[in-house]
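This is what each chain is made of:
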Amino acid sequence: MGKIQLTQVRKSFGEVDVIPGIDLSIEDGEFVVFVGPSGCGKSTLLRLIAGLEDTSSGTIAIDGKDATHLPPAKRGLAMVFQSYALYPHMSVRKNIAFPLKMAGMSEAEQAARVERAAKVLNLTSYLDRRPGQLSGGQRQRVAIGRAIVREPSAFLFDEPLSNLDAALRVGMRQEITELHQSLKTTMIYVTHDQVEAMTMADKIVVLNAGRVEQVGSPLELYHRPQNLFVAGFIGSPKMNFIEGAEAAKHGAATIGVRPEHLDIVAGGPWQGTVGLTEHLGSDTYLKVTLDSGEGVTVRAPGEVAVRHGDRVALAPQAAKIHRFGADGKALA
Amino acid sequence: MSTQSTRLAARLMVAPSVFVLFIWMIVPLAMTLYFSFRFYRLLTPERSGWVGLTHYTWFLNSPDFWLALFNTLALVGGVLVITVILGVLIALLIDQPVKGQGMLRILVIAPFFVMPPVAASIWENLFMHPQNGLFSAIARGFGAQPILFLENYPLMSVIGIVSWEWLPFATLIFLTALQSLSSEQLEAAEMDGASPLNRFRYIILPHLTRAITVVILIQTIFLLGIFGEIFTTTQGGPGSASTTLPYMIFKQAIVAKDIGRAAAGGIIAVILANIVAYFLMRGIGRHLDN
Ligand SMILES: Nc1ncnc2c1ncn2[C@@H]1O[C@H](COP(=O)(O)OP(=O)(O)OP(=O)(O)O)[C@@H](O)[C@H]1O
Ligand SMILES: [Mg+2]
């Protein structure tokens, strides 16, 4: 139940190769997050899996069976859309029951399942309202409710939280994670928000221009990025990249140091001038222009009493330096 | 328009146009009402004197009037049914991505730009004509007798012609409504296991209810007054078989030159229109809100 295997899946819209060829396997019960910059093909990949878009070539297997040419309804997957895509003229109850009604389930069974889903999602008191009379977070929950009543073999989410405000996002993030833990169903979740990716995923798939850059657990991607793209994409603030002589000292074309792995110490090897400082209370972000001309970001814990124009010396933590070759790949 | 003074200003600003519109409406109505109680026949020398309700009772006692009333409602109802059903189907069809979509849409819209007498003439002479018409040629091709449309099925022929003229309007409204349906809703329904037929029934049709309401209301207003098509083709005949209320009023006013009686017919037509409007708004008006 819920194992999805993509083999050499390719998708082009006319001339444009949006996805040049992807191999990916998603295990049963996994929470997989697709991340990548805007326009890299995350939604397209999800829609290919859902069957809303035809593959140009390659195969998609669900639970070991070839599903490449199956219509969406036959794949046993449920999707939650970014715009929720609720049916505006139906009550919440009817919205949630719709897939059951289409499956020809008896009224009593429908009512029981809707009731159960509504309880899980705290929607019981809204069942007779129309989607137009709900808040964004409630609509989101209805969309999820409509997905879970069918008991699909996998859930597909396309940026489900991007229309919500920051506080609600954190709440819904936890709800979805809890839902995953209680249902233990495969979930594929698309986002461009790396905090969502890092906190929710069992496995992150980093996409760039339709290619898989790296697949791994959140901490794997954080600690051992395989290339410059992943190194720069995962982590906030972004990893600092330094090229030239300094990198050559480490035997690499480029070295990367995360802002949190740069310490301000008197007599540190890298000297520079402080530019912008951002005080977050818990951390202080410093933009430092090194004497070699490169700009780096430093994340110092707590409050640091430096001001614009001050001179500082920085020391990278030796074990936390990432080395990359001229082709952008990480060096062992 | 929140404060007292802006609201007052707004009322003052619209007052002149409301006043002009009111005069615009009330003067002809009052004059028609006045003449409907008068003896005013252009062909007789004495044109004065009140006749009370005589004109009205003449209508109500005339068997032609009840036939005309039925014909009017049948014409409106028939055209509405045909244009709404075919309009939805054609809109669904031309909403599909096809090559030459722009051209196709222009072709579908084209009949709306043909003026009614011309449209009626085209149908009468090129399609329904017993000798030269396309339909008779087809019938003969199958070895059958040509159908005498205007003689044997006059009202249905008029309904057909008027439907052809109004179909583009309905199609256009439905097409724009279809285009405002979010594709994600349809995709969600597809993932929910809805067949194409169920998607139409549960997603597309409810989305179209407001457009259908608008089409019904607007078309009813215009269809109640259909005249040119009847005048050009059947002249209300054979006998009175295709005479509608407007055509009957025309016969009284222009053929019989009885202005008083025609005015009474006009007032009856106004009352009929209001009754129809009342039931329409009660029946489907709620679809216009929200
Ligand atoms: N129907 C289409 N026809 C042509 N090109 C398309 C179509 N759909 C998507 N694309 C192109 O495919 C690329 C990937 O689109 P996709 O929607 O998958 O991006 P995404 O990763 O989901 O981006 P975002 O984070 O902004 O949602 C984009 O460059 C887009 O322009
Ligand atoms: Mg997207």
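Bear in mind that the values here come from a model prediction, so they are computed numbers and not experimental data.

1. Topic: the overall build of chain A
Along chain A, the regular secondary structure elements total 9 helices and 18 strands. If one aligns the C-alpha atoms of chain A with their principal axes, the spans along those axes are about 75 × 45 × 35 Å. Here chain A holds 332 residues, and the buried ones make up 53% of them. Within chain A, residue pairs in contact and separated by at least 24 positions form 63% of the contacts whose partners lie at least 6 positions apart. Summed over all atoms, the accessible surface of chain A reaches about 14800 Å², with 51% contributed by carbon and sulfur. In chain A, 36 side chains carry a positive charge and 36 a negative one; their mean positions are 5 Å apart.

2. Things to note about the side chain of B:Glu165
Residue and element names in this part refer to chain B. Tracing the backbone shows Glu165 in helix α8 (residues 154-179). Look at Glu165: it is buried, it has no salt bridge, and the nearest opposite charge is Lys251 at 19 Å. Beyond its immediate chain neighbours, meaning those up to four positions away, Glu165 contacts Phe112, Val114, Met115, Pro116, Ala119 and Glu229.

3. A few points about the interface of chain B and chain A
Chain B puts 14 residues into the contact, and the matching count from chain A is 23 residues. The contact between chain B and chain A buries some 1600 Å² in all, and 61% of this surface belongs to carbon and sulfur atoms. Considering only the side of chain B, the residues that lose the most area to chain A are B:Met191, B:Asp192 and B:Tyr202, jointly responsible for 43% of the buried surface there. The interface formed by chain B and chain A contains 3 salt bridges. For A:Arg150, the salt bridge goes to B:Asp192, with nearest N and O atoms at 3.8 Å. One can count 6 residue pairs in polar contact (both at pLDDT 80 or more) joining chain B with chain A. For the side of chain B that touches chain A, the secondary structure elements donating two or more residues are α9 (183-191) and α10 (196-223) of chain B. Here the side of chain B that touches chain A gets 7 residues from one element, more than from any other, and that element is α9(B).

4. Quick notes on the packing of aromatic side chains
Residues and elements named next belong to chain B. What the rule picks out here adds up to 29 aromatic pairs over all chains. Between the aromatic rings of Phe65 and Trp66, the centroid separation amounts to 5.0 Å while the plane-to-plane angle is 75 degrees, which identifies the pairing as edge-to-face. Residue Trp66 is classed as partly exposed on the basis of its relative accessible area of 47%. Ring centres of Phe112 and Trp166 lie 5.6 Å apart, and the angle between their planes is 70 degrees; this geometry places the pair in the edge-to-face category. Of this pair, Phe112 sits in the loop between α4 (101-109) and α5 (116-127) while Trp166 sits in helix α8; the two residues are 54 residues apart in sequence, bridging distant segments of the chain. Looking at Phe112, the relative accessible area reads 35%, which means it is partly exposed.

5. Thoughts on the confidence of the model for chain B
Residues and elements named next belong to chain B. Taken over all residues, the pLDDT of chain B has a mean of 89, while the share at 70 or more is 99%. For chain B, the element scoring lowest by mean pLDDT is helix α7 (residues 149-152), at 81; helix α3 (residues 63-94) scores highest, at 93. If you check the scores for this complex, the pTM reads 0.81 and the ipTM reads 0.81.

6. Notes on a nonpolar patch on the surface
Residues and elements named next belong to chain B. Nonpolar side chains collect at one region of the surface, where Phe19, Val20, Phe22, Ile23, Met25, Val27, Leu29, Met31 and Val270 lie side by side and expose about 800 Å² of accessible area between them. Among the elements that take part in the nonpolar patch, helix α1 (residues 4-36) stands out by supplying 8 residues, more than any other. Position of Val270 relative to the elements: it lies in helix α13 (residues 259-284). Val270 sits in the partly exposed class, given a relative accessible area of 35%.

7. Here's the deal with the nonpolar core
Counting residues in hydrophobic clusters, the biggest one holds 89 residues, and the most contacted among them are A:Ile4, A:Leu6, A:Phe34, A:Phe98 and B:Phe174. Of the residues forming this core, the biggest block, 12 residues, is contributed by α3(B). Grouped together as the second largest cluster of nonpolar side chains are 43 residues, A:Val92, A:Leu127, A:Ala197 and A:Ala201 included.

8. Quick notes on the sheet that holds strand β12 (residues 254-257) of chain A
Residue and element names in this part refer to chain A. On the basis of which strands lie adjacent, the open sheet formed by 3 strands has the order β11-β12-β18 and antiparallel pairing. Sheet topology places β11 (240-243) and β18 (322-324) at the edges, where each strand pairs with a single neighbour. Averaged over all neighbouring strand pairs, the angle between strand axes comes to 25 degrees, with direction disregarded. Bridging between β12 and β18 involves 3 bridges; their strand directions are antiparallel. Paired with Gly256 across the bridge in β18 is His322.

9. Examining the pairing of strand β14 (residues 270-279) of chain A
Both faces of the sheet carry side chains from a regular strand, because those side chains alternate between them. All names here are of chain A. One ladder, built from 4 bridges, connects β14 with strand β17 (residues 311-316); its direction is antiparallel. Residue pairing across strands places Gly272 opposite Val312, the latter belonging to β17. Pairing analysis gives 6 bridges linking β14 to strand β15 (residues 283-290), with the strands arranged antiparallel. Within the sheet, the bridge partner assigned to His279 lies in β15 and is Thr284. Taken together, β14 and the strand that follows it, β15, pair antiparallel across an intervening segment of 3 residues, in which Gly281 is found at a positive phi of about 90 degrees.

The rules behind the values
Counting from 1, residues in each chain are numbered in the order their sequence is written. Whichever chain is written first is A, and whichever ligand is written first is 1; the rest continue in order. Given that the model is predicted, a residue must reach a pLDDT of at least 70 before its local features are reported, and side-chain atom pairs must reach 80 or more before they are shown or counted; all residues, however, enter totals for whole chains, interfaces and linings. Hydrogens are left out, water is left out, and the side-chain values use all remaining heavy atoms of the structure. In DSSP terms, a helix is any run of H or I states spanning at least four residues, a strand is any run of E spanning at least two, and both are numbered starting from the N terminus. Whether a residue is buried, partly exposed or exposed follows from its accessible area with a 1.4 Å probe, protein chains only, as a fraction of its type maximum: under 20%, in between, or over 50%, in that order. We call two residues in contact whenever any of their non-hydrogen atoms come within 4.5 Å of each other. Per-residue and other accessible areas were derived by the Shrake-Rupley procedure at a 1.4 Å probe size, with only the shown protein chains allowed to occlude residues. Positive residues here are Lys and Arg, negative ones are Asp and Glu, while His and the chain termini are left out of the count. In plain terms, the charge of a residue is placed at NZ if it is Lys, CZ if Arg, CG if Asp and CD if Glu. Take a side-chain nitrogen of Lys or Arg and a carboxyl oxygen of Asp or Glu: if they are within 4 Å of each other, that pair is a salt bridge. When two parts are put together, the accessible area they lose, computed with a 1.4 Å probe and summed over both, is reported as buried area. Between N or O atoms, a polar contact is any pair within 3.5 Å; within protein, one atom must be a potential hydrogen donor and the other a potential acceptor, and residues adjacent in sequence are included only when both atoms are from side chains. When two rings of Phe, Tyr or Trp (its six-membered ring) have centres within 6.5 Å they constitute a pair, described as stacked for plane angles under 30 degrees, edge-to-face for angles over 60, and tilted for the intermediate range. The quantity called pLDDT is the predictor's confidence in a given residue, expressed from 0 to 100. Exposure above 30% relative accessible area and the absence of a salt bridge qualify a residue for a patch, where like charges join within 9 Å and nonpolar side chains (Val, Leu, Ile, Met, Phe, Trp, Tyr) within 5 Å. The set of buried Ala, Val, Leu, Ile, Met, Phe, Trp, Tyr and Cys residues whose side-chain atoms join them within 4.5 Å is what this entry labels a nonpolar core. For two strands to be treated as a pair, DSSP must find no fewer than two bridges joining them. Angles shown run from 0 to 180 degrees and are taken between the N-to-C directions of axes, each axis being a line fitted to C-alpha atoms and, for helices, limited to the stretch in contact.

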